[in-house]
Amino acid sequence: TVKQIERQIKTQKLSTKQADAIWEAAYLDTAELNELLEYVRVNANHEFLYPMCLMAAHTGARRSELSRCKVADLDLAGSTVTIHERKRSKSTRTTRMIPLSAKLNEVLTAWLKIKPESPFVFPELQFDEDAEVSPPDENFMTPDKASHHLEIVFKGSRWENLRGWHVFRHSFISNCATQGVDQR
């Protein structure tokens, strides 16, 4: 956990290189995850970032899966999201259905009411000065841009050593394992 890493760095007086190796394995326990999500909610420069981080943290979805997620993939009444995968099978598209937590359902419901018009849950920011013009059916928040915006929020905070979006997936899976959830 972050607390364990911070303690190791301090007590063992690790070099930056040694500390970087440990940060690669970081995951957030549920208390740390809630603290980080609240930090993002309060400090994000763009309204999409908190819902996207919460979705990553509560579903274990990859950054690229979140970027490609369409509004049609959400079933808020049934509290599920269908995630379209590319990692499991390169030759065919596969999907997995994930239940939505009550908190995530609430936040996504509010987000969908204010998000820019787009078939994507997390559309490209139209006011980004460095935004590339995308075809109308491809105007999703790219994984690289999502990472860029997350880095900006983390910079100078307790969380700046975290390794981007993957920490949410790693934390989701690790917290499920600590609760005894079967890996399947």
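Quick notes on the rules
- Residues numbered from 1 in each chain as written.
- Predicted model: local features only at pLDDT ≥ 70, side-chain atom pairs only at ≥ 80, totals over all residues.
- Heavy atoms only, no water.
- Pairing = 2+ DSSP bridges.
- Helix = DSSP H or I, 4+ residues; strand = E, 2+ residues; numbered from the N terminus.
- Core = buried A, V, L, I, M, F, W, Y, C linked by side-chain atoms within 4.5 Å.
- Buried < 20%, exposed > 50% of the residue type's maximum accessible area, 1.4 Å probe, protein only.
- Axes fitted to C-alpha atoms, helices over the stretch in contact; angles between N-to-C directions.
- Parallel < 35°, antiparallel > 145°, perpendicular 65-115°, else oblique.
- Left-handed = near helix turned anticlockwise from the far one by under 90°.
- Contact = heavy atoms within 4.5 Å.
- Nonpolar A, V, L, I, M, F, W, Y, C, P; charged D, E, K, R; others polar.
- 1 Å grid on protein atoms, 1.4 Å probe; cavity = no way out; pocket = protein on both sides within 12 Å on 5 of 7 lines; lining within 4 Å.
- Points joined across faces, edges and corners; volume = space filled by probe spheres on them.

1. Things to note about the sheet that holds strand S2 (residues 80-85)
Alright, step 1. In spatial order, the strands read S1-S2-S3; together these three strands make up an open sheet with antiparallel pairing. Strands with a single pairing partner mark the edges of an open sheet, and in this sheet they are strand S1 (74-75) and strand S3 (94-99).
Alright, step 2. Sheet topology note: the S2/S3 ladder contains six bridges and is antiparallel. Each residue of the ladder has a partner; that of Ile-83, found in S3, is Arg-96.

2. So, the nonpolar core
Alright, step 1. Met-55, Phe-122, Leu-162, Trp-165 and Phe-168 are the most contacted members of the largest nonpolar core, which has 44 residues in total.
Alright, step 2. Mapped by element, the contributors of at least two residues to this core are helix H1 (2-12), helix H2 (16-23), helix H3 (30-43), helix H4 (49-59), S2, helix H6 (102-114), helix H7 (143-154) and helix H8 (166-178).
Alright, step 3. In terms of residue count, the dominant contributor to this core is H4 (eight residues).

3. Points about the packing of H3 against H4
Alright, step 1. Two elements in contact, H3 and H4, have axes whose closest approach is 9 Å; the angle formed by their N-to-C orientations is 165 degrees. As summarised for this structure, H3 and H4 are arranged roughly antiparallel, according to the angle between their axes. The handedness of the crossing between H3 and H4 is right-handed. Contacts between H3 and H4 pair Leu-33, Leu-37, Val-40 and Arg-41 from the former with Leu-49, Tyr-50, Cys-53, Leu-54, Ala-57 and His-58 from the latter.
Alright, step 2. Of the residues assigned to the contact of H3 with H4, the class counts are eight nonpolar, one polar and one charged.

4. Notes on the layout of surface pockets
Alright, step 1. Taken as a whole, the largest pocket holds about 520 Å³ of empty space.
Alright, step 2. Every residue lining the largest pocket is counted, 18 residues in all, and those nearest its centre are Arg-96, Phe-172, Ile-173, Gln-183 and Arg-184.
Alright, step 3. Listing elements by their share of the lining of the largest pocket, those giving two or more residues are S3 and H8.
Alright, step 4. Across the lining of the largest pocket, the residue classes tally to eight nonpolar, three polar and seven charged.

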